[in-house]
4 protein chains.
Amino acid sequence: MERNIAGRVGLEDLSRLCPILSRRNHPEFAEGGLVVEVGMVRFGVGLPVVIAGPCAVESAQQMIEVARRVKAAGADMLRGGAFKPRTSPHDFQGLGVEGLKMLRDAGDRTGLPVVTEVLDVRLVDVVSRYADMLQIGSRSMQNYPLLVEVGRSGKPVLLKRGMAASLCEWLGAAEYIANEGNLNIVLCERGIKTHAANEYSRYSLDLNVIPAVHAETFLPVIVDPSHATGTAPSVERASRAAIEVGASGLMIEVSNWGEEPEAQRPMCDADQAITPSTLGRIIRFIQNREAETEAVSDMA
Amino acid sequence: MERNIAGRVGLEDLSRLCPILSRRNHPEFAEGGLVVEVGMVRFGVGLPVVIAGPCAVESAQQMIEVARRVKAAGADMLRGGAFKPRTSPHDFQGLGVEGLKMLRDAGDRTGLPVVTEVLDVRLVDVVSRYADMLQIGSRSMQNYPLLVEVGRSGKPVLLKRGMAASLCEWLGAAEYIANEGNLNIVLCERGIKTHAANEYSRYSLDLNVIPAVHAETFLPVIVDPSHATGTAPSVERASRAAIEVGASGLMIEVSNWGEEPEAQRPMCDADQAITPSTLGRIIRFIQNREAETEAVSDMA
Amino acid sequence: MERNIAGRVGLEDLSRLCPILSRRNHPEFAEGGLVVEVGMVRFGVGLPVVIAGPCAVESAQQMIEVARRVKAAGADMLRGGAFKPRTSPHDFQGLGVEGLKMLRDAGDRTGLPVVTEVLDVRLVDVVSRYADMLQIGSRSMQNYPLLVEVGRSGKPVLLKRGMAASLCEWLGAAEYIANEGNLNIVLCERGIKTHAANEYSRYSLDLNVIPAVHAETFLPVIVDPSHATGTAPSVERASRAAIEVGASGLMIEVSNWGEEPEAQRPMCDADQAITPSTLGRIIRFIQNREAETEAVSDMA
Amino acid sequence: MERNIAGRVGLEDLSRLCPILSRRNHPEFAEGGLVVEVGMVRFGVGLPVVIAGPCAVESAQQMIEVARRVKAAGADMLRGGAFKPRTSPHDFQGLGVEGLKMLRDAGDRTGLPVVTEVLDVRLVDVVSRYADMLQIGSRSMQNYPLLVEVGRSGKPVLLKRGMAASLCEWLGAAEYIANEGNLNIVLCERGIKTHAANEYSRYSLDLNVIPAVHAETFLPVIVDPSHATGTAPSVERASRAAIEVGASGLMIEVSNWGEEPEAQRPMCDADQAITPSTLGRIIRFIQNREAETEAVSDMA
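Residues numbered from 1 in each chain as written. Chains lettered and ligands numbered in written order. Predicted model: local features only at pLDDT ≥ 70, side-chain atom pairs only at ≥ 80, totals over all residues. Heavy atoms only, no water.

The next thing to look at is unusual backbone geometry. Backbone geometry at A:Asp269 places phi at a positive 50°, although glycine is not the residue there. Its place among the elements puts A:Asp269 in the loop between β10 (249-253) and α10 (276-288). (Helix = DSSP H or I, 4+ residues; strand = E, 2+ residues; numbered from the N terminus.)

Take a look at the structure:
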């Protein structure tokens, strides 16, 4: 029986595995961290960034209407999936390039930078033409060829944590992007699989990882409370909690369903979409707490 | 192969398994929940309650000095373990009844009600003589004879969640106490075991369970950020997060070590103990945010 | 942020935490391990031991009939719960002392030693009067006062692994029994809680722990395939697998339901109970493979 | 709070999510299941198939020597990674196309069909030219564009389970391949992430999933005991256990290191590689147990 487990990757190995991104290899980041810019939006400095929008782009009208509502609520960026990784090939897979155009158009009309998922290495170029930031989803966190291509694209990247990823595996994935010369990386915690998941929440939101990320790397990290909880009534509280542990932003799924007469029930993850009104409360919370932040700013 | 897993307990069974504590059996708690009183301290109404103190009672002097510091910082109750459930029988097991007396004395001198763990069914009476509230630790959550005895004691009970307990198992444990006619129960989330635990945190703090508890029962629920993170630098942020998801209080391990010249390194869990100064910041955070709470009060 | 997680217990600490039971402190067990005897039954040498019987003792008739069937099938010991730890206080809690008498009587009539769970420290004496071996259930694995009492009883103890217990926590629990001078301990793996549990199995059977137990201690370890799978159709295959990884025995829930006209559906865990006929197949499998065992006997 | 968790996928949904592969949609497979052929090798009928070879192709000499040893030991197929998904971009990434040629050559010289991982959708064609079977690794289980391409390739596919995949997510991934008209799919369990992983094993081998796979689909399923345990001393026992629960084969990492004077320590996962001699014992175990299999053949 081995005393040390084969293949085990521990924090002690981080500076060797991730020399580019490990905080302890970078005394210049002894204070604070890297600021990642997407248009006028800045992650890692100032108020936490709020990315909001539908789970999936379903139509030009839906995108524009949701974009207007989230913009009015104070969101900084717009999200919407044109390529959806679904458990079954028989479920809606997204509108593809047409969806990218609808997202781009909604972003242009509202002045919001847009982020969308790319899950096919062959589509990095086309998605890069329409999006301001490329999202790597949880299921793609260890799709290394894809990480290399988004690294080469030079575009800002939103790297979601895999559902079972250790901190080392997550930062190792980011290192693949950085290794191509692209440091414009924002990490995103979105919940992990645990024995507790599926009884009352979809995943288990792991907020302990946020201060750990700050300790190990200089990259900004945000939280996706929509997937991490899976239920709309929990999203507002989880968002507030994420901000309190030091998240540099939030990515939240929003639908006009229930607030706009013509809005329809979302085709994906309808149960976790919040209304624009709830989004507005979350953003006001962020704006009103600025002062307190300084109290613990030394802890990051 | 079974279609439905043997022995599976889901939320749908809660009102049958826990008829006394299930919210949906109690229209009188359609709004808000039960208020549990420990002396002048009230859980479930008003500001969140802060319970603070050392992991273990180590000496009369240590207890009194920590009690004075946490009282000065604004804590509402005092904690300290006299009976410690340790992984090895060769490790410090607590001072026993002598420790109870030291805890009681420190509470009396500072005017703070005291809570301490009881883990032996034969000691419920003696612990009840010295403590204002009885703590059932995670390892004892399913010690049903013990739950019955603390139920019969009539004392307020702090019931910590087991490290692998489902919500149904946790509320089922509370139902054993309630079934003896004792509804003075406060639940406490303290982190669960997951694949992520032990890389950067001791356990995984499961804040998703807080709104789920509010949805399923009328009992107040608090959070123990000390065990849930296992590292002092994470405790302040985890505490703020717990308050934001709706926790009715916090139980935090505090040591004067590092702030008082004569204070010694704690004998148990030293790495997760915060200083009285950090405790003070957490309590000021709670006092300063009262207003915001109302904004989401309808969500509980 | 700590580099080393507070409170973390790793295998490297085992010889310190469990000096009595750690294999590396005992050169006399360089080969093989301790043999634990219960009457004529011997764990840790020869063929794996098969403990079989109903989940709960429900009546004298049920106990005797099941005892006769499992005896006829070739079982070595009889199991049956008189005190049942149930998720809800409103569910059947077992027949108590009356159940112990029925179990004892069934054992005497069939010549099978009996094992039954004790979960109340105040009942160790009475359970010891009726049982040949005391079972500590998963929910009681860290009930330290109970472990001390079963240690003092001098009775052989069957210590089930907690649903979230690490190997160190499990062996630490055994060390509490050993620390009272009682080395007659048999460990029992019964499945752990994971993200996979509850979709197609009740728990996740962790067979990787069996060789790890052999590497770290000299105590025999058996497997409970009934709880570990939660579904009868999986029990036979899981039993065979457990034997192949080196388990020194099996504890299996058996019901006459479906094979005896008057037999009733079990009151607890009915879906995981196998028939006496299936038990017979499992026992024949054990008897027929003896030869192969030697091939890998050097690996224990 | 939702009563039913958003996005939850349960077994009850399988026939809808995976209509092509769900057993209950296919009465023609009421008995047994699909046979997948790779050259002369047949998965799903007859003796379990043994795939063996190094973790990574390191040199032509290493490949040929290991191939000769595993062939001599009785293996049915040869494995070896030319493209390695590594946690860090700074670690060895595999020899690429040169490695494919070395693997192909070693297979041709020994008459063993070869399987190797493809992790880049752009390389499916080239890998298909050299390999007899395409392996989709755990990290790529939800790389849907890749699954579509291997589906279109018409090549037999070995689909490993993701480290946190539910049975539905795993079969949903297989459905993407089947949806392209390619039913030549063999599933492979390789261990999941749990709280127990990393203390004494690399992952937790989930053998409960094998009978569940048989119940839900007609595809054959094998086990990778090397990754599932992470430690060579556990591989032989885990292999025997996998066969007992009904696995249609094994994929095992083998190295000549320690048995051949010129063999070197493997560059990846050295601690889990077994010797050709141990592989020989595992294969003899499979050959010697044929008879017993029939006893439970009705259970598949």
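Another aspect to go through is the pairing of strand β7 (residues 157-160) of chain C. All names here are of chain C. Burial of the side chains of β7 extends over both faces: Val157 and Leu159 are buried on one face and Leu158 and Lys160 on the other. Note: strand β6 (residues 133-136) against β7, three bridges, orientation parallel. Bridge pairing links Gln135 to Leu158 in β7. Taking the sense of rotation as the criterion, the β-α-β connection linking β6, helix α5 (residues 144-153) and β7 turns out right-handed. Across four bridges, β7 lies against strand β8 (residues 185-189) in parallel orientation. (Buried < 20%, exposed > 50% of the residue type's maximum accessible area, 1.4 Å probe, protein only. Pairing = 2+ DSSP bridges. Right-handed = clockwise from strand over helix to strand, strands pointing away.)

With that settled, the discussion passes to the relation of the copies chain D and chain A. Overlaying chain D with chain A gives an RMSD of 0.0 Å, the required rotation being 180° about an axis along which the chain moves by 0.0 Å. Each copy turns onto its partner about a two-fold axis. Proximity to the rotation axis, assessed at the C-alpha, singles out D:Ala164 in chain D; its C-alpha lies 2.9 Å from the axis. Take the interface residues of chain D: 98% of them recur as interface residues in chain A, which is what a same-surface contact looks like. (Least-squares fit on C-alpha atoms with pLDDT ≥ 70 in both. Contact = heavy atoms within 4.5 Å.)

Residues and elements named next belong to chain C. Look at helix α2 (residues 60-73) against helix α3 (residues 97-110): their axes get within 9 Å of each other, and the N-to-C directions meet at 35°. Relative to α3, α2 is oriented so that their crossing is right-handed. Along the contact surface, α2 presents Ala60, Met63, Ile64, Ala67, Arg68 and Lys71, while α3 presents Met102, Leu103, Asp105, Ala106, Arg109 and Thr110. Class assignment of the residues belonging to the contact of α2 with α3 gives a composition of seven nonpolar, one polar and four charged. (Axes fitted to C-alpha atoms, helices over the stretch in contact; angles between N-to-C directions. Left-handed = near helix turned anticlockwise from the far one by under 90°. Nonpolar A, V, L, I, M, F, W, Y, C, P; charged D, E, K, R; others polar.)

Our next topic: the relation of the copies chain C and chain B. Here the second copy of the chain follows from the first by a rotation about an axis and a shift along it. Rotating chain C by 180° about the axis while translating it 0.0 Å along that axis superimposes it on chain B, leaving an RMSD of 0.0 Å. Here 98% of the contact residues of chain C are again contact residues in chain B; the copies associate through an equivalent surface.

Okay, the packing of aromatic side chains next. Applying the stated criterion to the full structure yields eight aromatic pairs over all chains. On the numbers, 4.2 Å between centres and 25° between planes, the contact of C:Tyr144 with C:Tyr176 is stacked. With a gap of 32 residues between them, C:Tyr144 in helix α5 and C:Tyr176 in helix α6 (residues 167-178) connect regions that are remote in the sequence. Residue classification places C:Tyr144 among the buried positions, given a relative accessible area of 5%. The cationic tip of A:Arg190 hangs over the ring face of A:Tyr203; the distance from NZ or CZ to the ring centre is 4.1 Å. (Phe/Tyr/Trp six-rings, centres within 6.5 Å; stacked < 30°, edge-to-face > 60°. Lys NZ or Arg CZ within 6 Å of the ring centre and 35° of its normal.)

Below, the discussion takes up the interface of chain D and chain A. By a widely used convention, the size of an interface equals the accessible area lost when the partners come together. Facing 50 residues of chain D, the contacting portion of chain A comprises 49 residues. Where chain D abuts chain A, roughly 4400 Å² becomes buried across the two surfaces, and 56% of that area is made up of carbon and sulfur atoms. Ionic pairing is found between D:Glu169 and A:Lys193, a salt bridge with its closest N-O pair at 2.6 Å. On the surface where chain D and chain A come into contact, there are 18 residue pairs in polar contact (both at pLDDT 80 or more). Elements with a contribution of two residues or more to the side of chain D that touches chain A: α1 (14-17), α5 (144-153), α6 (167-178) and α9 (232-244) of chain D. Here the side of chain D that touches chain A gets six residues from one element, more than from any other, and that element is α6(D). Along the lines of polarity and charge, the residues of the side of chain D that touches chain A split into 19 nonpolar, 16 polar and 15 charged. (Buried area = accessible area lost by both parts, 1.4 Å probe. Salt bridge = Lys/Arg side-chain N within 4 Å of Asp/Glu carboxyl O. Polar contact = N/O pair within 3.5 Å; in protein donor to acceptor, adjacent residues only side chain to side chain.)

Between chain C and chain B, the contact holds 50 residues from the first and 49 residues from the second. Counting across the interface, chain C meets chain B through six salt bridges. Between B:Arg122 and C:Glu149 there is a salt bridge, with the nearest N and O atoms lying 3.3 Å from each other. Where chain C packs against chain B, one counts 18 residue pairs in polar contact (both at pLDDT 80 or more). Those elements giving two or more residues to the side of chain C that touches chain B turn out to be α1 (14-17), α5, α6 and α9 (232-244) of chain C. Split by residue class, the side of chain C that touches chain B holds 19 nonpolar, 16 polar and 15 charged.

It is worth spelling out the side chain of A:Ser226 at this point. Among the structural elements, A:Ser226 can be located in helix α8 (residues 225-229). Here A:Glu253 takes part through its backbone nitrogen, which lies 2.9 Å from a polar atom of the side chain of A:Ser226.

Once that is clear, we can look at the pattern of salt bridges. Under the definition given, this model contains 92 salt bridges over all chains. Measuring nitrogen to oxygen at the nearest pair gives 3.4 Å for the salt bridge that ties B:Glu98 to B:Lys101. Remark: B:Lys101 and B:Glu98 occur in helix α3 (residues 97-110); sequence separation between them is three residues, near one turn of the helix. In this structure B:Lys101 comes out as partly exposed when scored by relative accessible area, which is 38%. Through salt bridges with shared partners, a single network forms among A:Asp120, A:Arg122, D:Glu149, D:Arg152 and D:Glu180.

Residues and elements named next belong to chain A. Taken residue by residue, chain A gives an average pLDDT of 93. The fraction at 70 or more is 93%. In the predicted structure, residues 1-7 sits below a pLDDT of 50 and forms 25 contacts with residues beyond four places in sequence or in another chain. Below pLDDT 50 for its whole length, residues 293-300 participates in eleven contacts with residues either more than four positions away or in separate chains. At the level of chain-chain contacts, confidence expressed as ipTM amounts to 0.94, with global pTM at 0.95. (pLDDT = per-residue confidence, 0-100.)

Bringing the pairing of strand β5 (residues 114-117) of chain C into the picture now. Residues and elements named next belong to chain C. Residues Val114 and Thr116 of β5 are buried on one face, and the alternating residues Val115 and Glu117, pointing to the opposite face, are buried as well. The pairing of strand β4 (residues 77-79) with β5 spans two bridges and is classified as parallel. In the sheet register, Arg79 faces β5, and the bridge partner there is Val115. Where β5 and β6 come together, three bridges link them in parallel fashion. Residue pairing across strands places Val115 opposite Met133, the latter belonging to β6. Once you follow β5 into helix α4 (residues 124-130) and on to β6, the crossover reads as right-handed.

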